[in-house]
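Per-entry structural report
Okay, here's what each chain looks like letter by letter:
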Amino acid sequence: MTVLNKLRWSIQHRGVAGTLRSAVNHFGRQMQPQSEPTPHPFDVEHGTDTGGLVSGANLASGHPSDRFIEGYAAVPPSRFRNIMARWQSSQPSHSTADYTFVDLGCGKGRAVLLASQLGFREVVGVELNPSLVAIAQANADRWIAAGWARCPIRIERADAAEFSWPAGPCVAFLFNPFGAALMQRVVDRMALSFGDRTSDLEVLYYKCQQASVFAEHFALTWSEATAISHEDLAADPVADPNDETRAYRLRAQ
């Protein structure tokens with residue numbers, strides 16, 4: 001990535017004054033001794049690399065959508081499992097085995113790995129940044145080789161707003177991946193792709209900072225701050241017990 005790409009992202013998200021403050025703070029941090037981050041217990045147990053916190057500025061790759069990327073942090077495992085249990089109890093239109101699980105902005109792929117244990121037809125991670133795609137693929141390869149996956153896993157490098165949705169029922173998962181403009185494009189794409197089969201799409205939006213973009217096409221089915229373990233609260237850099245997940249279903253057109 002180039003300094004210009006980082007600068008564009010920062011101005012988009014922080015403004016000029018905020019960008020200057022961030023640059024000063026960054027310089028100050030560089031003057032301090034740096035320590036290696038502690039691996040997440042999930043990664044220690046499974047030998048994967050899904051942890052850490054990466055700002056959107058450091059994910060810039062030259063793609064026009066870069067400026068709308070919020071950054072990377074992985075979903076806490078306990079919270080993800082509780083989100084999925086809550087969804088499975090909400091009487092979806094199809095059985096879990098009929099759905100393809102699609103993580104839009106999958107990052108290093110932690111949600112993809114966890115979802116592969118739930119018996120979906122297939123699990124797909126969609127990610128734009130090539131470095132994160134490579135890490136997610138390596139994690140998936142290790143996960144599959146260890147025998148932890150109960151269904152096929154696919155990592156696809158793509159802009160989420162241009163993703164070609166699979167045939168059949170799908171569950172879309174989003175962990176606050178995009179700013180409003182790109183999220184709007186993603187939502188419009190989903191509405192167009194499933195307009196003639198509205199019962200085939202379920203959306204799970206965790207840390208839902210751009211929830212307003214769903215109002216036109218989707219109906220809210222539930223909203224909940226699902227439980228999170230003390231271990232995950234201690235280990236995850238942005239975990240918050242009050243973060244909500246909102247579940248949506250496409251309205252009939």
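1. What about the overall build of the chain?
The secondary structure content of the chain amounts to seven helices and nine strands. Considering the chain as a whole, with its 253 residues, one finds that 48% of them fall into the buried category. Long-range contacts, defined here as pairs at least 24 residues apart, represent 75% of the contacts in the chain between residues at least 6 apart. As displayed, the chain offers around 11,800 Å² of accessible surface, 52% of which is attributable to carbon and sulfur atoms.

2. Notes on the pattern of salt bridges
Throughout the structure, instances matching the rule amount to ten salt bridges. Residue Arg 154 is joined to Glu 122 by a salt bridge in which the shortest nitrogen-to-oxygen separation is 3.1 Å. Of the two residues, Arg 154 sits in strand β5 (residues 153-157) while Glu 122 sits in strand β4 (residues 122-127), which places them 32 residues apart along the sequence. We note a salt bridge from Glu 244 to Arg 246, for which the minimum N-O separation is 3.8 Å. Residue Glu 244 is classed as partly exposed on the basis of its relative accessible area of 33%. Through salt bridges that share partners, Glu 122, Arg 154 and Glu 156 make up one connected network.

3. Let's talk about helix α5 (residues 130-145)
Across its 16 residues, α5 extends 22 Å between first and last C-alpha, which sits within 8% of the 22 Å expected from 1.5 Å per residue. Packing partners of the buried residues in α5 comprise α2 (41-46), β2 (71-73), α4 (110-115), β4 and β5. Two to three positions downstream of the cap, the backbone nitrogen of Ser 131 sits 3.0 Å from a side-chain oxygen, assigning the N-cap of α5 to Asn 129. Among the residues trailing α5, Gly 147 stands out with phi positive, at a value near 85°.

4. Details of unusual backbone geometry
The backbone phi angle of Asn 176 is positive, close to 35°, even though this residue is not glycine. Assessed through its relative accessible area of 9%, Asn 176 is described here as buried. A positive phi is found at Lys 207, a non-glycine position, where the angle reads about 55°. Relative to the elements of secondary structure, Lys 207 occurs in the loop between β7 (201-206) and β8 (218-224).

5. Description of the environment of Ser 199
Structurally, the position occupied by Ser 199 is in the loop between α6 (180-193) and β7. Between the C-alpha atom of Ser 199 and that of His 94, which follows or precedes it by 105 residues, the distance is 8.5 Å. Apart from the residues lying within four places of it in its own chain, the contact partners of Ser 199 are Ser 93, His 94 and Tyr 99.

6. Regarding the sheet that holds strand β3 (residues 100-104)
The strand order across the open sheet formed by seven strands is β5-β4-β3-β6-β7-β9-β8, and the pairing between neighbours is mixed. Among the strands making up the open sheet, the edge pair consists of β5 and β8. On average, adjacent strands in this sheet sit at an angle of 20° to one another, irrespective of strand direction. In the sheet, β8 pairs with strand β9 (residues 245-250) via six bridges, with the strands oriented antiparallel.

7. As for the confidence of the model for the chain
Here the chain shows a mean pLDDT of 85. Residues at 70 or above account for 80%. Note on residues 3-35: pLDDT under 50 across the span, and 27 contacts to partners over four residues away in sequence or across chains.

8. With respect to the pairing of β4
Judged by how many residues are buried, β4 sits mostly within the fold: six of six residues are covered. Taking every second residue as pointing to the same face, both faces of β4 are buried, with Glu 122, Val 124 and Val 126 on one and Val 123, Gly 125 and Glu 127 on the other. Across five bridges, β3 lies against β4 in parallel orientation. By the bridge assignment for β4, Leu 104 is matched with Val 126. Bridge count between β4 and β5: five bridges; the pairing is parallel. Paired with Val 123 across the strands is Ile 153, a residue of β5. Considered for its hand, the β-α-β crossover made up of β4, α5 and β5 is right-handed.

9. Looking at the nonpolar core
By size, the foremost hydrophobic cluster in this structure holds 31 residues, and its most contacted members are Phe 80, Met 84, Trp 87, Phe 101, Phe 120, Phe 173 and Leu 204. Contributing elements (two or more residues each) for this core: α3 (77-88), α4, α5, β5, β6 (170-175) and β7. If sequence neighbours within four positions are ignored, Leu 204 has contacts with Ile 83, Met 84, Trp 87, Val 171, Ala 172, Phe 173, Leu 174, Trp 222, Arg 246 and Ala 247. Within the second largest apolar cluster, 30 residues are counted, among which are Val 124, Trp 165, Phe 214 and Phe 218.

What counts, and at which threshold
Numbering of residues starts from 1 in each chain and follows the order in which that chain's sequence is written. A pLDDT threshold of at least 70 governs which residues receive local features in this predicted model, and a stricter bar of 80 or more applies before side-chain atom pairs are shown or counted, although totals over entire chains, interfaces and linings include all residues. Derived side-chain values reflect all non-hydrogen atoms in the structure, with water molecules and hydrogen atoms excluded from consideration. Helical segments are the DSSP runs of H or I of at least four residues, strand segments are the runs of E of at least two, and each set is numbered from the N terminus. For every residue, the accessible area (1.4 Å probe, protein chains only) is compared with the maximum for its type, and the residue is labelled buried under 20%, exposed over 50%, or partly exposed between those bounds. Only heavy atoms enter the contact rule, under which two residues are in contact if any of them lie within 4.5 Å. Accessible areas in this description were obtained via Shrake-Rupley with a 1.4 Å probe; residue shielding takes into account the shown protein chains only. Salt bridges are identified by distance alone: a Lys or Arg side-chain nitrogen within 4 Å of an Asp or Glu carboxyl oxygen. Here the expected span of a helix is defined as 1.5 Å times the quantity of residues minus one. Throughout this description, a polar contact denotes any pair of N or O atoms lying within 3.5 Å of each other; where both atoms belong to protein, one of them has to be capable of donating a hydrogen while the other can accept it, and for residues adjacent in sequence the pair is counted only when both atoms sit in side chains. For two strands to pair, DSSP has to find at least two bridges joining them. Axis lines are fitted to C-alpha atoms, over the contacting stretch for helices. Their N-to-C directions set the angle, which ranges from 0 to 180 degrees. What pLDDT expresses is the predictor's confidence in each residue, scored from 0 to 100. Classification remark: right-handed applies to a crossover when, strands pointing away from the viewer, the course from the first strand over the helix to the second runs clockwise. Remark: nonpolar core denotes a set of buried residues (Ala, Val, Leu, Ile, Met, Phe, Trp, Tyr, Cys) joined through side-chain atoms within 4.5 Å.

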